[in-house]
Structures are given as C-alpha cells and as structure tokens.
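In case you want the letters, here they are:
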Amino acid sequence: MKITQISIFLENRKGRLYDVCSLLGQNDINIRALTIAETESFGVLRIVVDKSDQAIRLLRDNHFVANFTEVVAIEVPDQPGGLASILKIFADNDVNIEYMYGFVEKFSDKALLVMRFEDTDFAQQILAKHNIHVVAEKDIQGL
Amino acid sequence: MIWRQDVECAAPADLKELQSGYLKKLIPYIYHNCPVYQKKLDAAGVKPDNIKSIDDLKRLPFTTKEDMRDYYPYGLFSAPQDQIKEIHVSSGTTGNPTLVGYTKDDLKLWGDVMARVLGCAGAAPGDTIQIAYGYGLFTGGLGFHYGALEMGLRIIPTSSGQTARQLKLMQDFKPKIIACTPSYVLYMAEEAKDMGIDPAQGNWKIGIFGAEPWSDAMRHEIESIWNMLATDVYGLSEIIGPGVAQECHHKDGLHIFSDVFYPEVIDPKTGAQVPEGADGELTITTLTKQGIPLLRYGTRDVVNIRYEKCRCGRTSPRISKIKGRTDDMIVVRGINVFPSQIEHVLVGIEGTQPHYQIIVDRQAHKLDEVEVMVEVEQRFFSDEIKRLNEIRDKIRREIENVLSIGVKVTLVEPKTIERSMGKSKRIIDKRAL
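Residues numbered from 1 in each chain as written. Chains lettered and ligands numbered in written order. Predicted model: local features only at pLDDT ≥ 70, side-chain atom pairs only at ≥ 80, totals over all residues. Heavy atoms only, no water.

## Section: the packing of aromatic side chains
Test applied: By convention, a stacked pair of Phe, Tyr or Trp rings (six-membered ring in the case of Trp) has centres within 6.5 Å and planes under 30 degrees apart, an edge-to-face pair has planes over 60 apart, and any other such pair is tilted. Helix and strand assignments come from DSSP, with helices taken as H or I runs of at least 4 residues and strands as E runs of at least 2, each series counted from the N terminus. Each residue's exposure class comes from its accessible area (1.4 Å probe, protein chains only) as a fraction of the maximum for that residue type: buried when under 20%, exposed when over 50%, partly exposed otherwise. Ring-over charges, as used throughout, are those where CZ of Arg or NZ of Lys falls within 6 Å of the ring centre and within 35 degrees of the ring normal.
Under the definition given, this model contains 11 aromatic pairs over all chains. Geometrically, the ring pair formed by W204(B) and W226(B) is edge-to-face, given 5.8 Å between the ring centres and 80° between the ring planes. You can see W204(B) sitting in the loop between helix 8 (182–194) and strand 6 (206–209) and its partner W226(B) sitting in helix 9 (residues 216–226), a full 22 residues away along the chain. The exposure class assigned to W226(B) is buried, which follows from its relative accessible area of 1%. Chaining the aromatic ring pairs together yields one cluster made of F9(A), F42(A) and F381(B). Seen from the ring of Y99(A), R46(A) lies directly overhead, with NZ or CZ sitting 3.5 Å from the centre. Positioned over the ring face of W214(B) is K321(B), at 3.8 Å from the centre of the ring.

Here it is in structure tokens:
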C-alpha cells in the first residue's frame, strides 16, 4: 500500500520553508511527516499531508515546483533493535532504500516511518511476504 | 509580399548606383549642417566633393555609441530642431541617454522600411497585427505601428505588459501576426498555460521578434508553442528603430535594406572590412536620413553578411542572426562570452527553459568566477537530490564545452529570474574591473 508524498524544490533562501508551511497552514492542510534533504544551494522538502491533491494544486498555483512521490509508511516496533529487524529483511532481499524519515505522530504503539524505495513494488512484495504492516493513505488522513 | 520590389529586388549594379547617388548628396548635406561631422570629416581629410561613389565610404570616419552620448543632445543632428517632428530616447545606464530625432521625411522612411519588414515576414494588407512591443520612448511599438499603418493592417496596439489582457484580446480578435520581444512571447505562453489557454489556438501565422538576442533553439520552441512562423527583425534606434533588416520565410539570414542603410562588417580591432562571410561588427551608414544621418555607425552587433540572391527573390544582402554584442560580450579569463551561447545550451537540454542569468564575480587576487542561475522546471524536477545534481552537472558540462571555461550552475526556483518586457538582463557583472 503506497502513500503519497509531496516533494518541493526550495532554494536555500531565508523564509522559503516558512512560505510553504504558512501557505499550507492558511489553507487548513496538516503536515503529518516532514524531512528536508539539503545541498549547498537548494533543498528538497518532502512532506506527507492529509489533503495531498489540494496541497499540490495550491503549491503549483503559487509557483512552487512540486511533485508527487510514491512512498511507503511502515510500522516499526518502538523498541531497541526494532528498525534493525526490518532493515535486515531489506538487506537480505536486496531492497534498496533511497531515504527514510519518521512520522510526527504515532498510529499505534509502533513507530511510523516513511520509506522511499528504489523499486517500490518489489519492496511491497517483500513487506507483504514478511507480514510487515504498512499504513494506508486513508489511515494517514485520519491521524 | 515584397513591399518595395523596385529596391528589394534591384540588380546589384542598379543598387550600387542608387547608393552612390545618395552618398554623393549626403556628405555635403552633413558637412554643411553638422559642425561635429564637419570637424570629423576635416580630420579625416575628406572634402565633400571627393566622395563620388559608395566605394569611397571606407575613407569616411566611424561614428560610435560614445559619440551619441558625448554630443547629447543635438550635436549629431544635421536638421534644425524645428524640422524634428518626433524624438525617441533610450535609457542610458551610464551617462547620457541616446537621443534620436526624426524629420517628417524620416518618419515616412520609417513607415516604408517597416512596411518592408512586415511584407518580408509574410504580412499583407488587411491582416491583423498585435503589437506588443512597448509604445513610447522605446522605438519598438511606434515603429511597428507606422509600418502597419503604411501597409494597411488592422492594428491591436497593446504595447507590452498587462499579459492577461493581451491574452484575452488574442482570443477575441484572433490576430495573424504578433510583434514583441522573444522573451516576452515565451513569458506570455507561460501565463497562458497558467490561465488554461492553449497559445496555439487562434489564427496565428507569423511572429516578428527582436530587440534582444535569441537562438534558433528558442525559435523552434516559440514556433511549436504558438504554431506560427517565428521571424527575426533587426534594428536600433540610432539608425531608425526596428526596420533595418528582417527575415523572410526562408529564415536564412535577415534582409538588410541596404538601399537606405548601407552595411559594412568591420573588424573592431583594425577598422577594416572583413572578407565576405566573416564575423565582425555591423557598421551602418544611413544614406537618406535627414534628422540624424550617421556615417559608419558601429552597432556593436556581431554578424556576418552574404550578398547572393535569396530564394524569395530579394537581392538585398542578408546579415546573419546577431552572434553577440561587442559590448554585452564579457571577457572572462580571456575568453569572449556571449549570453546567446548559454541560451543555446539550455534550450538544447530537455526540460529546461531559456530563463537564466549569468553572474560574473571576482574575489580579490582570484580568478573570475561565472555562475549561471537556471530555473528548475516542473518537468525535470525529481524528489531525489542525486537526479537534480545530475541535471545540474549536465548543464554545467555542456556550458563548459561551449564556453571553454569552468562555470558554476545553480538551480533556482521558477519565476525567480526577472522576466523582461523589453531587453533581458542576462548578465550581472559584479567584478570591480
């Protein structure tokens, strides 16, 4: 089960992150998870929000370059070695992770991680085979 | 259509005779009416009576942009001010602005050469033209206006700016011809898409673009977005405004109206004419102007010129697209850099737009550094940093291949590089030279 992440190009300029967040806030769009990848001159802001279609239209209307990216939200046991146990499965099965980051909120007593895979479909097969719970889009919206 | 068959298709010998006749009259006129030129001609040892043919032109002194500024306002005028019926002024970034003045006959000449421009691009009486060059002190808007009046077109004089309104008028009146700067027509296309309008809709046949350098790659882009023939117009206010040269539908060089604007291509270093086909500075003598006739005016535009007859039937010589400007050209670590070279690279890379800015800087005791800012487009944006870096590096490599100097490429957010209604600000030179 894939969920939708919005990726936004940002120059390393004062106030740009604020511009995005306040735009979303003013339009009653809630950010569920967020990370920034940065280089010396620009960054890519990656967010998971409750209303992604509305959010991307809003961003593009305001001249941001923004794309949808397919990611997977995975429940990870919130205890020492929890993440490692999942990563081992990926390593054993040649699943490459491009990047990952954590959710702000918890969905159950487990931690929730966003993962971007090199091959999302293949990663999902492996996850299903090992009975690892992935979170659906509608669950994110209800958080 | 060919507006002035008699001169545009004249046999070379007849053309030469016409030009020689004009020059023989011009020199005494200038000598006796313009003290600045009298002094220049005296210094060059030229007696007005000694000028017998157009071949004597090479004995005459050059005129430069600095002369225009130094003798501001009236120094280079040959006609008294009570005969000047219209003036145009271009902004001077340094020192005095450039002032030009037209007599009644000069305005008639302007209308005539602009009607030739329109005809050369493919216009015919009765067509509708939207003129989106700026009206006012800039010569673009009014120059096209006079030509369109002369030819008998239906004119929509929108001037530049107010893009949403321009697009509305296009939809309502469906003009066949648009005249504006190439960067503005691309800007309008972006706005149109934002408004949900397909620019290719309508009755477009011809675009006449000029007043700033643009590449063939940009031409293809305009032609595919707007579904029209995109032609290049050339001119400068010192000579007349737009109306000096224009491409026909073969798009194989710009026909220069040499019966009235006599072209030479000069090596800026030696002052000698370069061989036919070689690049040099376009230098023009206005053979029939009265207000400010200019002798061998250095346009600072780098072109080459060819004299063979065109497939369209015109015998008027053809200048190449402007290859650069002798003054906009920047010299970085000894290498000549023209903005159009970078534009070529960007339009050639899929997904990029020719919206860029070049920043040249030099830290104390260090080499010049060139930074090229390129806007990120939706089409090539990826959420992965490595993909963005790959695109950035590709742009950098290709620019370095063309310029033979190292550059830094920086990706910036869309619409952050200033769009121009007139000429683009492509280069910011921060060096304290």
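From this point, things continue past the structure.
## Digging into the domain arrangement of chain A
Residues and elements named next belong to chain A. Counted only if it meets this: Just so you know, the domain bounds were taken from an automatic or database domain assignment. Any two residues having at least one pair of non-hydrogen atoms within 4.5 Å are treated as being in contact. In short, buried area is how much 1.4 Å probe accessible area vanishes from two parts on joining, totalled over both. Here, a salt bridge means any Lys or Arg side-chain nitrogen found within 4 Å of an Asp or Glu carboxyl oxygen. In the analysis that follows, any N or O atom pair within 3.5 Å is treated as a polar contact, provided that within protein one partner can donate a hydrogen and the other can accept it, and provided that, for residues neighboring in sequence, both atoms belong to side chains.
Taken as a whole, chain A is organised into domain 1 (3–70) and domain 2 (72–141). The C-alpha centroid of domain 2 is placed 22 Å from the C-alpha centroid of domain 1. In this assembly, 14 residues from domain 1 lie in contact with 15 residues from domain 2. When domain 1 packs against domain 2, close to 1400 Å² is buried across both sides, 52% of that on carbon and sulfur atoms. Sorting the residues of domain 1 by area buried against domain 2 places I3, R32 and E70 first, and these three jointly supply 47% of that buried surface. At the junction of domain 1 with domain 2, the criterion picks out zero salt bridges. Counting across the interface, domain 1 meets domain 2 through three residue pairs in polar contact (both at pLDDT 80 or more). For the side of domain 1 that touches domain 2, the elements supplying multiple residues, two or more each, are strand 1 (3–11), strand 2 (31–38), strand 3 (42–49) and strand 4 (66–76).

## Considering the domain arrangement of chain B
Assigned domains of chain B: these are domain 1 (1–326) and domain 2 (330–429). Centre-to-centre, using C-alpha coordinates, domain 1 of chain B lies 30 Å away from domain 2 of chain B.

## So, the interface of chain B and chain A
Of the residues lining the interface, 21 residues belong to chain B; the matching set on chain A comes to 25 residues. Summing both sides of the interface, chain B and chain A together bury roughly 1800 Å²; the carbon and sulfur share of this comes to 55%. Across the contact surface, chain B and chain A share five salt bridges. Ionic pairing is found between R116(A) and D383(B), a salt bridge with its closest N-O pair at 3.4 Å. For the pair chain B and chain A, the interface holds 10 residue pairs in polar contact (both at pLDDT 80 or more). Counting residues per element, the ones that place at least two in the side of chain B that touches chain A are helix 11 (385–403) and strand 20 (408–412) of chain B.

## Examining the pattern of salt bridges
If you walk through the whole model with that rule in mind, you get 36 salt bridges over all chains. For D92(A), the salt bridge goes to K88(A), with nearest N and O atoms at 2.8 Å. Here D92(A) and its partner K88(A) are both found in helix 3 (residues 82–92), four residues apart, which amounts to about one turn of the helix. Exposure class is identical for D92(A) and K88(A). Each is exposed. Salt-bridge contacts for D55(B) lead to K16(B); the nearest nitrogen and oxygen are separated by 2.9 Å. A residue pair is termed long-range when its members are at least 10 positions apart, and D55(B) in the loop between helix 3 (35–43) and helix 4 (65–70) and K16(B) in helix 2 (residues 12–33) qualify at 39 residues. Using a relative accessible area of 40% as the deciding quantity, one classes D55(B) as partly exposed. Connected via shared salt-bridge partners are E11(A), R13(A), R16(A), D19(A) and E413(B).

## Points about a nonpolar patch on the surface
All names here are of chain A. Worth spelling out the cut-off: Candidates for patches are residues over 30% relative accessible area with no salt bridge; among them, like charges are joined within 9 Å and nonpolar side chains (Val, Leu, Ile, Met, Phe, Trp, Tyr) within 5 Å. Methods summary: accessible areas were calculated by the Shrake-Rupley approach with a probe of 1.4 Å, and residue burial reflects only the protein chains presented.
A surface patch of nonpolar side chains, amounting to about 220 Å² of accessible area, comprises L17, L34 and I36. Positionally, L34 belongs in strand 2. The class of L34 is partly exposed, set by a relative accessible area of 37%.

## Quick notes on the nonpolar core
All names here are of chain B. Rules: By convention a nonpolar core is built from buried Ala, Val, Leu, Ile, Met, Phe, Trp, Tyr and Cys residues, the set being connected through side-chain atoms within 4.5 Å.
Counting residues in each nonpolar core, the largest one holds 68 residues, and the members touching the most others are F144, I208 and F261. No other element matches helix 5 (residues 104–121), which puts nine residues into this core. When sequence neighbours within four positions are dropped, the list of residues in contact with F261 reads L109, V113, I239, I240, G243, V244, I256, I284, T285 and T286. Counting residues in each nonpolar core, the second largest holds 22 residues, with I178, Y187, A189 and A192 among its members.

## Details of the packing of helix 2 of chain B against helix 3 of chain B
All names here are of chain B. Quick reminder of the rule: Orientation is described by lines fitted to C-alpha atoms, with helices fitted over the stretch in contact, and by angles between N-to-C directions that extend from 0 to 180 degrees. Here the word oblique covers every angle except those under 35 degrees (roughly parallel), over 145 (roughly antiparallel) and from 65 to 115 (roughly perpendicular). Residue polarity is assigned by list, with Asp, Glu, Lys and Arg as charged and Ala, Val, Leu, Ile, Met, Phe, Trp, Tyr, Cys and Pro as nonpolar; anything else, Gly included, falls into the polar class.
Their axes nearest at 6 Å, the elements helix 2 and helix 3 cross at an angle of 115°. Judged by the inter-axis angle, helix 2 sits roughly perpendicular to helix 3. Here I27, I30, Y31 and N33 of helix 2 come into contact with helix 3, specifically with P35, Y37, Q38, L41 and D42. A class-by-class count of the residues in the contact of helix 2 with helix 3 yields six nonpolar, two polar and one charged.

## Brief notes about the side chain of E75(A)
Residue and element names in this part refer to chain A. The topology assignment puts E75 in strand 4. Here H133 takes part through its side chain, which lies 2.9 Å from a polar atom of the side chain of E75. Excluding residues within four positions of it along the chain, E75 makes contact with I86, F107, S108, K110, A111, L112, I132, H133 and V135.

## Details of the sheet that holds strand 10 (residues 261–266) of chain B
The pairing of strands in a sheet comes from backbone hydrogen bonds and takes either a parallel or an antiparallel form. Residues and elements named next belong to chain B. To keep things clear, this is the line we draw: In short, DSSP must find at least two bridges between two strands for them to pair.
Reading across from one edge, 10-11-12-15 is the order of the four strands in this open sheet, with antiparallel pairing throughout. Taken across any chain shown, the strands that pair with only one partner, and hence form the sheet edges, are strand 10 and strand 15 (324–325). Bridge analysis of strand 11 (residues 280–286) against strand 12 (residues 297–303) gives four bridges, and the strand direction is antiparallel. In the sheet register, I284 faces strand 12, and the bridge partner there is Y297.

## Some points on the packing of helix 1 (residues 16–26) of chain A against helix 2 (residues 52–61) of chain A
Residues and elements named next belong to chain A. The cut-off we apply is this: By definition, turning the near helix anticlockwise from the far helix through less than a right angle yields a left-handed crossing, and turning it clockwise yields a right-handed one.
Two numbers describe how helix 1 lies on helix 2: the axes approach to 11 Å, and their chain directions differ by 130°. The angle between helix 1 and helix 2 places the two elements in the oblique class. Read as a crossing pair, helix 1 and helix 2 show a hand that is right-handed. When helix 1 is examined against helix 2, the residues V20, L23 and L24 are found in contact with a partner set consisting of A55, L58 and L59. Residues of the contact of helix 1 with helix 2, tallied by class, amount to six nonpolar, no polar and no charged.

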